[in-house]
Amino acid sequence: TSVSLRYVFLKLELSKTGKVVNVEPIISTFPAFTQQIQSAILWARFSPAAVRGKSAASTCFILISFFPQIHYPTRVWRPSDQNSLYERLRIRLLPDTVGLLTEPIPAELTPEEFTLGSRQALFIDTVNAVVSVDTLGLAAVHRIGTEVRQLRHTVQEIGRRLQFFPALDTRGNRHPFTGLASFVFDGSTKVRVVYHWLAPD
């Protein structure tokens, strides 16, 4: 079955001091929270845009995602590379809308770590592979970057367990997507998966 990402997508107008001048909802798949999000945005702090070294008024977009793995309401959000994947992605500021609104996001399992059987936990290696995600959020792993049969088998097995919120465009339409992921084996019963298209800048 397909999975749907609940989100509110808004357009912001900022003054040259970074103050929010106007908030306009563009798309919402969670109408009950749209007004609350608009009100909360008015309390947010933004750094102003800079043009040739000088502050300037600007228009940007913000995507608020609601993941079932996060308990709401949450604490005050501050961006940090130390946050979990869902914490990092639940609020995203988009300078423009070129390209996709959102790329695929893991939907069900713990997004960055998978548990193996004891027989699989023998390797210390990083295996890169191409991950394709269809419009239902189902994944296929291919072009696996190792010749070691057991590693290839384990990566394929993890791939069958992957399910995503599909990629969306700025109109909310689903799109197929292909990206690169790393499967990190550390000799334990855990494999960490790094989705490079979701890596922080």
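Residues numbered from 1 in each chain as written. Predicted model: local features only at pLDDT ≥ 70, side-chain atom pairs only at ≥ 80, totals over all residues. Heavy atoms only, no water.

### Overview of the confidence of the model for the protein chain
On average, residues of the protein chain carry a pLDDT of 87, and 92% of them reach 70 or more. Strand S9 (residues 124–133) holds the highest mean pLDDT among the elements of the protein chain, 95, whereas strand S3 (residues 49–51) holds the lowest, 86. (pLDDT = per-residue confidence, 0-100. Helix = DSSP H or I, 4+ residues; strand = E, 2+ residues; numbered from the N terminus.)

### Some points on the packing of aromatic side chains
Enumeration over the complete set of coordinates arrives at ten aromatic pairs. Centre to centre, the rings of phenylalanine 9 and phenylalanine 61 are 5.6 Å apart; their planes meet at 25°, and the pair counts as stacked. Separated by 52 residues along the polypeptide, phenylalanine 9 in strand S1 (residues 6–14) and phenylalanine 61 in strand S5 (residues 58–66) bring together distant segments of the chain. Take phenylalanine 9: its relative accessible area is 1%, and that puts it in the buried class. Classification of phenylalanine 61 by relative accessible area gives buried; the value is 15%. Between phenylalanine 33 and phenylalanine 66, the aromatic rings sit 5.4 Å apart at their centres with planes inclined by 45°, giving tilted as the arrangement. Within this pair, whereas phenylalanine 33 is found in helix H1 (residues 31–41), its partner phenylalanine 66 is found in strand S5, the two being separated by 33 residues in sequence. The class for phenylalanine 66 is buried, based on a relative accessible area of 7%. Here the aromatic cluster, defined as three or more aromatic residues joined through ring pairs, consists of Phe164, Phe177, Tyr195 and Trp197. In this structure, arginine 6 is placed above the aromatic ring of phenylalanine 30, and the distance from its NZ or CZ to the ring centre is 3.9 Å. (Phe/Tyr/Trp six-rings, centres within 6.5 Å; stacked < 30°, edge-to-face > 60°. Buried < 20%, exposed > 50% of the residue type's maximum accessible area, 1.4 Å probe, protein only. Lys NZ or Arg CZ within 6 Å of the ring centre and 35° of its normal.)

### Some remarks on H1
Listed in full, the buried residues belonging to H1 are Thr34, Ile37, Gln38 and Ile41. The arc that holds the buried residues of H1, viewed along the axis, is 100°, so those residues lie on one side. Of the exposed residues in H1, the ones pointing more than 90 degrees away from its buried face are Ala32 and Gln35. Where H1 is buried, its residues meet S1, strand S2 (20–28) and S5. (Arc of directions from axis to C-beta. Contact = heavy atoms within 4.5 Å.)

### A closer look at the pattern of salt bridges
Across all of its chains, the model carries two salt bridges by this definition. Ionic pairing is found between arginine 90 and glutamate 87, a salt bridge with its closest N-O pair at 2.9 Å. Across the pair, exposure class does not vary: arginine 90 and glutamate 87 are buried alike. Here glutamate 112 and arginine 88 are joined by a salt bridge, their closest N and O atoms 3.7 Å apart. Of the two residues, glutamate 112 sits in the loop between strand S7 (105–106) and strand S8 (113–115) while arginine 88 sits in helix H2 (residues 85–89), which places them 24 residues apart along the sequence. The exposure class of arginine 88 is buried, given its relative accessible area of 18%. (Salt bridge = Lys/Arg side-chain N within 4 Å of Asp/Glu carboxyl O.)

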